[in-house]
Amino acid sequence: MGKRKRPASEGVLPQKKHYRQRAHANPFSDHSLDYPHAPNAVDWAIHFPESPGPPEFADVGCGFGGLLIALAPLFPDTRMLGLEIRVQVSQYVQDRIAALRVTPDAPSHFQNISVIRANAMKFLPNFFTKHSLSSLFFLFPDPHFKQRKHKARIISPTLLAEYAYILRPGGIVYTITDVKDLHEWMKSHLDAFPLFESISEEQLRAEGKGPILDAVYTSTEEGKKVERNHGQKWLACFKRVEVARA
């Protein structure tokens with residue numbers, strides 16, 4: 001018999017080798033996913049038992065949860081949700097958070113993060129109400145290199161309307177990638193969308209967003225891989241603008 005994997009409830013951090021999964025998933029496939037019919041149907045107490053309520057940060061395509069883990073102790077009063085379409089990867093993040101919550105020598109900082117298996121390209125408004133988020137993250141998204149697959153990129157004119165809907169005025173969209181073509185694609189589409197305006201890294205740091213930016217650069221598995229390979233990272237951030245009423 002093989003060794004039994006100790007459950008997360010025993011405080012043992014899960015190992016990625018037990019959660020093998022393809023690097024990418026087709027967002028247009030008919031995944032077997034359950035969705036709430038509206039944000040008010042989500043039981044947030046399941047995700048944030050110590051402080052039930054909707055999240056304020058959302059990491060779209062959160063991967064193995066590096067950003068969530070990094071930001072949790074920095075913003076202990078801010079609820080954060082990761083969305084990940086891949087079955088094994090989302091399960092890994094769920095188990096990792098469960099283990100961190102009961103690890104005896106860890107601070108109780110991880111009650112404010114959770115993960116949902118979801119296809120963000122199709123059902124994001126099912127989870128978030130209008131203007132409910134202050135930060136929205138797209139870190140090292142799938143580049144979909146072939147032109148015929150560009151429609152599957154997570155930044156597009158149609159999807160930007162949804163992001164503008166759930167992000168409150170003054171909220172920030174953070175994007176980063178090691179693929180220059182994708183960086184230029186995301187930046188050009190966000191620049192062209194009337195409800196977003198570019199904001200520099202220097203300005204964000206001046207506004208106290210330095211810890212968030214540091215985590216954006218270094219906390220994810222993809223970001224660490226780029227560093228190991230001495231690659232480049234391209235950051236682009238945008239602020240949700242207020243629409244003047246007539």
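Here the structure is a predicted model, which is why all the values come from computation and not from measurement.

Glancing now at helix H5 (residues 157-166). When we look at burial in H5, the residues that qualify are Leu 159, Leu 160, Tyr 163, Ala 164 and Ile 166. The buried residues of H5 all sit within an arc of 170° when viewed along its axis, so they share a single face. Elements in contact with the buried residues of H5: helix H4 (120-123), strand E4 (133-139), strand E5 (167-177), helix H6 (180-192), strand E6 (196-199) and strand E7 (234-240).

Moving on to the pattern of salt bridges. Summed over all chains, the structure comprises 8 salt bridges. Residue Arg 86 pairs with Glu 84 through a salt bridge whose shortest N-O separation is 2.7 Å. Overall, the relative accessible area of 12% leaves Arg 86 in the buried class. Put simply, Arg 153 and Asp 181 hold a salt bridge, and the shortest N to O gap is 3.0 Å.

In the numbering used here, UniProt assigns the feature "binding site: S-adenosyl-L-methionine" (unreviewed entry) to Gly 61, Glu 84, Ile 85, Asn 119, Ala 120, Leu 139, Thr 220, Glu 221 and Glu 222. Along the chain, Leu 139 falls in strand E4. The residues touching Leu 139, leaving out its near neighbours within four places in the chain, are Asp 59, Leu 67, Tyr 174, Ile 176, Val 216 and Thr 220. Among the secondary structure elements, Glu 221 is positioned in helix H9 (residues 221-228).

Quick look at the nonpolar core now. With 34 residues, the main nonpolar core has Leu 83, Phe 128, Leu 136, Phe 138, Ile 155, Tyr 163 and Phe 196 as its most contacted residues. Looking at which element gives the most residues to this core, the answer is H5, with 5 residues. Residues in contact with Ile 155, not counting those within four places in the same chain, are Phe 138, Leu 160, Tyr 163, Trp 185, Met 186, His 189 and Leu 190. Core analysis: the second largest hydrophobic core is formed by 32 residues, Phe 57, Ile 69, Met 80 and Ile 199 among them.

With that out of the way, let us pick up H6. Along its 13 residues, H6 runs 18 Å from first to last C-alpha, staying within 8% of the 18 Å computed at 1.5 Å per residue. Residues Leu 182, His 183, Met 186, His 189 and Leu 190 constitute the buried set of H6. All buried residues of H6 project into a common sector of 145° when viewed along the axis, lining one side. On its buried side, H6 packs onto H5, E5, E6 and E7.

Under the local residue numbering, the UniProt record ascribes the feature "active site" (unreviewed entry) to Asp 142. Tracing the backbone shows Asp 142 in the loop between E4 and H5. By relative accessible area, which is 22% here, Asp 142 ends up partly exposed.

What counts and what doesn't
Residues numbered from 1 in each chain as written. Predicted model: local features only at pLDDT ≥ 70, side-chain atom pairs only at ≥ 80, totals over all residues. Heavy atoms only, no water. Buried < 20%, exposed > 50% of the residue type's maximum accessible area, 1.4 Å probe, protein only. Helix = DSSP H or I, 4+ residues; strand = E, 2+ residues; numbered from the N terminus. Arc of directions from axis to C-beta. Contact = heavy atoms within 4.5 Å. Salt bridge = Lys/Arg side-chain N within 4 Å of Asp/Glu carboxyl O. UniProt positions renumbered as here; feature names shortened; annotations may be inferred. Core = buried A, V, L, I, M, F, W, Y, C linked by side-chain atoms within 4.5 Å. Expected span 1.5 Å × (residues − 1).

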